[in-house]
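# Structural overview
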Amino acid sequence: MSATRQPSMERGGWLRFAASGAPLVALILAVAVFAPWVAPYGEAQFVGGVWDPPNLAHWLGTDNLGRDMLTRLIFGARNTVTLAALATALAFGIGVTVGFFAAAIGGWIDALVSRAIEILLSIPVLISALMVLSVLGNSLPVLIATIGLLEATRVYTIARAVARSIVVREFVAAARLRGEGLVWVLLREILPNALAPLAAEAALRFSFIFLFIASLSFLGLGIQPPAADWGSMVRENAQAINFGLPAPLYPATAIALLTIGVNRVVDRYLAAEARP
Amino acid sequence: MTAGPLLRIEGLSVHSGTGVALVDDISLALDRGEVLGLIGESGAGKSTIGLAALGHARGDCRITAGRIMLDGIDLRLQSAEGLRRLRGRRVAYVAQSAAAAFNPALRLIDQICEGPVRHRLMSRREAEARAIENFRVLGLPDPPRFGRRYAHQVSGGQLQRAMAVMAMSCGPDLLVLDEPTTALDVTTQIDVLAHLKTLIAGSGTAALYISHDLAVVAQIADRLLVLRRGRLVETGPTEEILARPQTAYARALVAERTAVALAQPASQAGPASQSGPAAILEVQGLAVRYGRQDALSEASFALVPGETLAVIGESGSGKTSLAYAVCGLVPGHAGRVSLAGTPLAPGYARRSREQLRRLQLVFQLPDVALNPRQRIGSLVGRPAQFYFGMRGEALAQRVAELLGLVGLDPALAARRPGELSGGQKQRVCIARALAARPDVLVCDEVTAALDPLIAEEILQLQRRLQEQLGLAYLFITHDLATVRRIAHRVLVLWRGRVVAQGPTAQVLREREHPYVKQLCASEPEMRRGWLEETLGGRAAATAAEPVQYPHGN
C-alpha cells in the first residue's frame, strides 16, 4: 500500500500528509510525554512580569502570574491529554462491555439497560458533571471517573448499535449453534468486526472529552491550579484580551489544533476503511 | 435517426482501478426492435457491457478502449451533461434489485414520472397516463391506482415490473435489462418474463437482456452473446446456439439445463426403504408462528442416514422457518424434533453440545456465514477444537484434511473469506460443518447465490460427501432442478402448509396439488416457445378448472 502511495508523496503529497492531522497529533503527544524535558522552565515557576510580550527568553510571553506561557502549554498538554486519554479508556471499557452484552443477550435485559441509559442521556453531561463534582470534590480520580462514566453512556449507544448489526449476521448464529459461550462470541466474532467503527468513535470521543475537560476547567471544576491545563489557561488569561494582549489565544489555539488534528486523523481512517 | 444498427459497440475494453481487464475487446451490434441476450457466469463482464451501453463504468472502473455508438452518437465523446440527457430518454436501465432502485419514501408514480418530466418530454399528466397504460400492459393490479403505493407495499415481482415501467417512461430506443428476473421465484419469474416480452415487442424498443440463466434468455432474446471472463466465447441466433453450440463452454451451459430435463430423479438409489435403518432425524407436527402469522403449520417427516430430503417452496412458504426450527434458531415453535430417538429442546441454547454437534447448518449466503476477520484455517478448525479438543499439529492436519475433502487447496487455510470466490466460500462453510462430524446437515439454499455451473459442482460435492460419510441432508431449496438432482424424497411447502410429500419421482410425476403442477411447469426449458406454451397451458387449465389458486406475484 505504501509502495503505491509513494509517487503521490513527491507531487505535493507532503502537504496532504501534513493536512491529514497525523503529524500534528504526533507532535502534541510527543510534547505531552516528554514535557519535563522539553519545557524551558518549571510548570509553576514565576519567571517574568505579568503578560510579558513574546521575547527570546519567553517565546510566547508570560501568563497572568508571570509564568512562561510555552512551558504552561507544554505541561498543559501533558495534564489534559493524559486525563482525556484515561477518561476515554474508561468510557470505552464500560460502554463497549455493557453495550456488547446488551446487544448479544437482547430481550428484557437489553431493554432495561437501554432505557436506564436513555434517562441518563437526557440530562446534559455538563449539568451531571457539575453536580457530581461539587458533591464529591474534584480530585483527579473523581474527575476521570465522572467523565468516564458520563461518556460511557454515549459509547454504550454506539457500541450496542454496532454490535446489534453484527449479532444478526449468520456467522454469529453459526457460532451460537456450535454451542460457543457468550464471551467467546463477543470477543472472537463481534469485537473484531466492530473494531473499525469503534476506533473511529474512540478518536471522536477523545476530542469531545478533551473539550469537556477544557469547559470544566474553564468553570473552575477541572484540573486545579497550579497544575496547567489548556482550559483553565484560557480562563486565567481571559482578562488579557481587554488589554489587547494575545495571551488566552495560545491555549485556545492549542485546543483547536488538537481537536482538528484528531478529527482529521479519524476522517482519514474512515475514508481508508470505506475503500473496498 | 440514422441508418444502420441502433447500438454498435466496437472493440470495447473496460479495466478496473487495479488494472484488471473486466471486458476485453468486445464488439456487438443491435438493431431496432431486436433483443440481444448477454449470457455468462458472474465475472463474465455482462453487467459491465450493459452499463457501457449507457456510457457508464462502475466505481473506479474505466472504459479504456473502443467505441460505443448509440444511433450515431459516440457515447465516449459525450460530456457528463450530454450523457445525462441521453440516459433515461434514449437508453434506460432495469436493475436486478428493484427494491434497491426505488426510493422507499416516495410513491412509485412520482418516481416513474420524474424522468419524462425532468427531460421535458411530456407533462406530468401525460407521463402518468403513459405509466398507467404500461402498468396495464405489464399486468399489474388496479393500474390507475397502482402507482400511488410505496415500494414496500408491493411484492418483489410487482416492483420489478414497476421498474420496467419506469425505464419505459421516456420511450427509450434501448433498454438494458440486468438480470431482471433473477431475484424472483420461478413461478413469479415466468409472469414477469412474459410481461417484459410483451412490453418490448409492443414498443419496438431494442433490448440488451443480461442473465446467467440460458433457459431464461432463450425465451426472450433473438440473438445471444456468450461471455466468459470478459471475452466473447460465442455469438449467434438463439436457436442456433441452443441446437448447435460451437464452443465447449457454450455446450456446458446448454448441457447444464438439458441434463436436468433428461436426468432420472435420484430417488431409486436412495436408502429410504421402509424397513431400513432407524430415523436419525424425526420431526412431528412442527409449527412456527411469528406473532399472529403462521409461517409453518404441521410439518412431519423423518430422515434416515444417507438420505436427502428436499424442502421446496417459493419465498415466504416457510421453508427457511422449517430449517431454523429444526436447528433451534426459532425457539417458539410447536411440535417435536428428535435426533436419534431423543427429543431436542426447542431452542438451541438448551440443547447439549453433543446434540448441537450432530446437527449442523449450512447457510444460504457464504458471505455472511463466515466471519470476515478470521482466517479459513481457524474458521474450519474451530469446531474440531471446540468439540474434540484438537490443537496444534493435529488440528492443522485435520483442517488440511477437511479442506481436501471439500476439494480446496489446504494452502487456503491462511487466507481470509474476502479473498475467496463464492463457490470456494460455500465449500469452506461445508468443511466447517463437516469438522463437527455431524449426522445431519441442514442446507439452507446453499446453491441459490451461486452461478449455475458452480452450483452444480457444489451439488456433486455434496453427493460425494453423502456417499463417503453417510450424511443425512435436509435440503432447503426453491429450485426444482436441484431437487431432481440431489433429493431422494421431497416435501413441497406452499404458504406454510405441506402440500405434497414423498419420493421425488413420485411427487413430480403425480403433481397432485395445483402448486406442484405450476412449480413443475414454471421451470424454464431450454427451447424457444416454451414460455408461450406454458402460459397458454396455464390459462387453459385455469379456464377448465377454476381452482382458487392465487399467483405468487
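Residues numbered from 1 in each chain as written. Chains lettered and ligands numbered in written order. Predicted model: local features only at pLDDT ≥ 70, side-chain atom pairs only at ≥ 80, totals over all residues.

### Let's talk about the overall build of chain B
Within chain B, the secondary structure is distributed over 22 helices and 20 strands. In terms of overall dimensions, chain B is globule-like: its C-alpha atoms have a radius of gyration of 25 Å, near the 24 Å expected for 553 residues. Dimensions of chain B along its principal axes, counting C-alpha atoms only, are 75 × 60 × 50 Å. Out of the 553 residues belonging to chain B, those deemed buried represent 47%. (Helix = DSSP H or I, 4+ residues; strand = E, 2+ residues; numbered from the N terminus. Rg over C-alpha atoms; globule rule 2.2 N^0.38 Å. Buried ≥ 20, exposed ≤ 12 C-beta atoms within 10 Å, placed from the backbone.)

### A word on the overall build of chain A
A tally of regular secondary structure across chain A gives 11 helices and zero strands. Scanning chain A from its N terminus toward the C terminus, one meets helices and strands in the order α-α-α-α-α-α-α-α-α-α-α. Its C-alpha atoms give chain A principal-axis dimensions of roughly 70 × 60 × 30 Å. Expressed as a percentage of its 276 residues, the buried residues of chain A come to 41%. Sequence-distant contacts in chain A: of pairs separated by 6 or more residues, those separated by 24 or more amount to 66%. (Contact = placed C-beta atoms within 7 Å.)

### Some thoughts on the interface of chain B and chain A
Facing 16 residues of chain B, the contacting portion of chain A comprises 12 residues. Counting only elements with at least two residues in the side of chain B that touches chain A, the list comes to α13 (353-358), α14 (366-369) and α15 (376-388) of chain B. Taken together, the residues of the side of chain B that touches chain A break down into 13 nonpolar, one polar and two charged. (Nonpolar A, V, L, I, M, F, W, Y, C, P; charged D, E, K, R; others polar.)

### Topic: the nonpolar core
By size, the foremost hydrophobic cluster in this structure holds 239 residues, and its most contacted members are Tyr209(B) and Leu474(B). Sorting elements by how many residues they give to this core places helix α4 (residues 69-105) of chain A first, with 17 residues. Of the residues that make up this core, three or more belong to each of domain 1 (7-262) and domain 2 (277-510) of chain B. Setting aside anything within four residues of it in sequence, one finds Tyr209(B) in contact with Val35(B), Leu36(B), Gly37(B), Leu38(B), Leu177(B), Val217(B), Ile220(B) and Ala221(B). (Core = buried A, V, L, I, M, F, W, Y, C linked by C-beta atoms within 7 Å. Domains from an automatic or database assignment.)

### What about unusual backbone geometry?
Residues and elements named next belong to chain B. Within the chain, Asp-142 stands out as a residue other than glycine whose phi angle is a positive 50 degrees. Its place among the elements puts Asp-142 in the loop between α5 (124-137) and α6 (143-146). Residue class for Asp-142 comes out exposed when judged on the 11 C-beta atoms lying within 10 Å of it.

### Here's the deal with the packing of helix α6 (residues 125-136) of chain A against helix α7 (residues 140-167) of chain A
Residues and elements named next belong to chain A. The N-to-C vectors of α6 and α7 enclose an angle of 150 degrees; their axes lie 10 Å apart at closest approach. With respect to their mutual orientation, α6 and α7 come out roughly antiparallel. In the packing of α6 onto α7, the handedness of the crossing is right-handed. Side by side, α6 and α7 meet where Val-125, Ser-128, Ala-129, Val-132, Leu-133 and Leu-136 of the first sit next to Val-142, Thr-146, Ile-147 and Leu-150 of the second. Among the residues forming the contact of α6 with α7, the class breakdown is eight nonpolar, two polar and no charged. (Axes fitted to C-alpha atoms, helices over the stretch in contact; angles between N-to-C directions. Parallel < 35°, antiparallel > 145°, perpendicular 65-115°, else oblique. Left-handed = near helix turned anticlockwise from the far one by under 90°.)

### Details of the sheet that holds strand β15 (residues 342-343) of chain B
Residues and elements named next belong to chain B. Spatial strand order, β12-β11-β14-β15: four strands in an open sheet with antiparallel pairing. The open sheet has two edge strands with one neighbour each: β12 (293-303) and β15. As paired elements, strand β11 (residues 281-290) and strand β14 (residues 333-339) share six bridges and run antiparallel to each other. Looking across to β14, one finds that Val-283 is bridged to Val-337. (Pairing = 2+ DSSP bridges.)

### Considering the sheet that holds strand β17 (residues 440-444) of chain B
All names here are of chain B. Read across the open sheet, the six strands follow the order β16-β17-β18-β13-β19-β20; overall the sheet is mixed. Two strands lie at the open edges of the sheet, namely β16 (359-362) and β20 (497-503), each paired on one side alone. Going from strand to strand, the sheet's axes swing by 15 degrees on average, the running direction of each strand aside. Inspection of the sheet shows β16 paired to β17 by four bridges, in the parallel sense. Across the sheet, residue Leu-359 finds its bridge partner in β17, namely Val-440.

### A short note on the packing of helix α7 (residues 156-168) of chain B against helix α8 (residues 186-203) of chain B
Residues and elements named next belong to chain B. Between α7 and α8, whose axes approach to 10 Å, the crossing angle comes to 15 degrees. Classified by the interaxial angle, the pair formed by α7 and α8 is roughly parallel. Considering the relative orientation of α7 and α8, their crossing is right-handed. Between α7 and α8, the contacting residues are Gly-157, Gln-160, Arg-161, Ala-164 and Met-168 on the first element and Thr-188, Asp-191, Val-192, His-195, Leu-196, Leu-199 and Ser-203 on the second.

### Let's talk about the environment of Leu150(A)
Take Leu150(A): it is sitting in helix α7. When the C-alpha atoms of Leu150(A) and Ala87(A) are compared, they prove to be 9.6 Å apart, with 63 residues separating the residues in sequence.

### Details of helix α8 (residues 170-178) of chain A
All names here are of chain A. Counting buried residues along α8, nine of its nine residues qualify, which places the element largely inside the surrounding structure. Residues of α8 that are buried: Glu-170, Phe-171, Val-172, Ala-173, Ala-174, Ala-175, Arg-176, Leu-177 and Arg-178. Taken from the residues just after α8, Gly-179 is the one with a positive phi, measuring 100 degrees.

### Quick notes on the pairing of strand β6 (residues 91-94) of chain B
Residues in a regular strand point their side chains to alternate faces of the sheet. Residues and elements named next belong to chain B. Here β6 shows no split at all, with Val-91 and Tyr-93 on one side and Ala-92 and Val-94 on the other all buried. Where β6 and strand β7 (residues 174-178) come together, four bridges link them in parallel fashion. Looking at the pairing, Val-91 lines up with Leu-174 of β7.

### Structural notes on the confidence of the model for chain B
All names here are of chain B. Scored by pLDDT, chain B has a mean of 84; 93% of the residues are at 70 or more. Summarising per-element confidence for chain B, the mean pLDDT is lowest in helix α22 (residues 530-544) (69) and highest in β16 (94). Every residue in residues 261-270 is under pLDDT 50, and counting partners more than four places away or in other chains gives 19 contacts. When the criterion is pLDDT under 50, residues 544-553 qualifies, and its contacts beyond four places in sequence or with other chains add up to 12 contacts. (pLDDT = per-residue confidence, 0-100.)

### A short note on the pairing of strand β1 (residues 7-15) of chain B
All names here are of chain B. In the sheet, β1 pairs with strand β4 (residues 62-70) via seven bridges, with the strands oriented antiparallel. Within β4, the position partnered with His-15 by the bridge is Arg-62. Bridging between β1 and strand β2 (residues 21-30) involves six bridges; their strand directions are antiparallel. Pairing of Arg-8 across the sheet is with Ala-29, part of β2. Here β1 folds back onto β2 in antiparallel fashion, the turn holding five residues, of which Gly-19 has a positive phi close to 90 degrees.

### Considering helix α5 (residues 107-121) of chain A
The first and last C-alpha atoms of α5(A) sit 21 Å apart over 15 residues, in line with the 21 Å expected at 1.5 Å per residue. Counting buried positions along α5(A) gives one out of 15 residues, so the element sits mostly on the surface. (Expected span 1.5 Å × (residues − 1).)

### What to know about the domain arrangement of chain B
Residue and element names in this part refer to chain B. Under the domain assignment used here, chain B contains domain 1 (7-262) and domain 2 (277-510). Each of domain 1 and domain 2 was reduced to a C-alpha centroid, and the two centroids are 35 Å apart. Tallying the contact residues gives nine residues for domain 1 and nine residues for domain 2. Sorting elements by how many residues they give to the side of domain 1 that touches domain 2 places helix α11 (residues 248-262) first, with three residues.

### Points about the environment of Gly261(A)
All names here are of chain A. Assignment of secondary structure puts Gly-261 in helix α11 (residues 249-274). Classification of Gly-261 by C-beta neighbours within 10 Å gives buried; the count is 21. The sequence separation of Gly-261 and Met-69 amounts to 192 residues, and the corresponding C-alpha distance is 22 Å. With residues up to four places along the chain from it excluded, the contact list for Gly-261 reads Gly-21, Leu-24 and Val-25.

### Focus: the confidence of the model for chain A
Atom-level detail of predicted coordinates should not be read off regions where pLDDT is low. Of the residues in chain A, 94% have a pLDDT of 70 or more, and the chain-wide mean is 85. Residue range residues 1-10 of chain A is modelled with pLDDT below 50. Its contacts to residues more than four positions away, or to other chains, number two contacts.

### Quick notes on the environment of Asp25(B)
Residue and element names in this part refer to chain B. Residue placement: Asp-25 occurs in strand β2. Judged by the 14 C-beta atoms lying within 10 Å of it, Asp-25 is partly exposed. For the pair Asp-25 and Gly-66, spaced 41 residues apart in sequence, the C-alpha separation works out to 7.5 Å. Those residues within four positions of Asp-25 in sequence are excluded, and the remaining contacts are Gly-11 and Ser-13.

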